[in-house]
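One-letter residues, chain by chain:
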Amino acid sequence: MTRRRNERALVRPHVVTGGRAHPTRNVFDLVTLVIANGDLPLTGLSPEKLRIVELCRGGALSVVEIAGHLELPVGVTKVLLSDLVDDGQLSTRAAAPAARTQARLLQEVLDGLRATL
């Protein structure tokens, strides 16, 4: 049975993180991509951490997507993600630059080429 969004979670977020409010590393923003590292053993992982690894084995997901799947606050998700990165279960990479930024760069290159011709 799935719980409704307006119902309180059975386990409070501070319990999920062991009382920690901050990740051990500050490499996560909302669009940081997270990828599972191979088929490492999953023994000893909490249910939330196990779910994260399973989600990321299907392909790269952003921090905000993972938080949405877990129905946990982003801050709590970042703490769990940092633990999994520290344990070698996950890797991160920056999201691709926005298309608008790429278009601006291409326009600047084009303008520079036109100026030299």
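Note that this is a predicted model, so its numbers are computed, not measured.

Enquirer: Quick one: what's the story with the pattern of salt bridges, residue by residue and with numbers?
Expert: Side-chain pairing between opposite charges can occur once the charged atoms of the two side chains come close. In this structure the tally under the stated criterion is 1 salt bridge. Measuring nitrogen to oxygen at the nearest pair gives 3.2 Å for the salt bridge that ties aspartate 83 to lysine 49. On the criterion of sequence distance, the pair formed by aspartate 83 in helix α4 (residues 74-86) and lysine 49 in helix α2 (residues 47-57) is long-range, its members being 34 residues apart.

Enquirer: Just give me the short version of the sheet that holds strand β1 (residues 33-36), but keep the residues and values in it.
Expert: If you walk across this open sheet you meet the 3 strands as β2-β1-β3, and the pairing is antiparallel. Both edges of this open sheet fall to β2 (61-62) and β3 (90-93), since each of them pairs with a single strand only. Note: β1 against β3, 4 bridges, orientation antiparallel. Bridging across to β3, valine 34 finds its partner in threonine 92. Contacts from α2 reach β1, β2 and β3 within the one sheet, and its direction differs from that of β1 by about 95°.

Enquirer: Got a sec to walk through helix α3 (residues 63-70)? Specific residues and values, please.
Expert: The complete set of buried residues in α3 reads Val63, Ile66, Ala67 and Leu70. Down the axis of α3, the buried side of the element spans an arc of 100°, and every buried residue falls inside it. In this structure, the buried side of α3 is in contact with β1, α2, β2 and α4. Glutamate 71 sits one or two positions beyond α3 and adopts a positive phi of about 55°.

Parameters and conventions
Residues numbered from 1 in each chain as written. Predicted model: local features only at pLDDT ≥ 70, side-chain atom pairs only at ≥ 80, totals over all residues. Heavy atoms only, no water. Salt bridge = Lys/Arg side-chain N within 4 Å of Asp/Glu carboxyl O. Helix = DSSP H or I, 4+ residues; strand = E, 2+ residues; numbered from the N terminus. Pairing = 2+ DSSP bridges. Contact = heavy atoms within 4.5 Å. Axes fitted to C-alpha atoms, helices over the stretch in contact; angles between N-to-C directions. Buried < 20%, exposed > 50% of the residue type's maximum accessible area, 1.4 Å probe, protein only. Arc of directions from axis to C-beta.

Shape descriptors only; they carry no functional weight alone.
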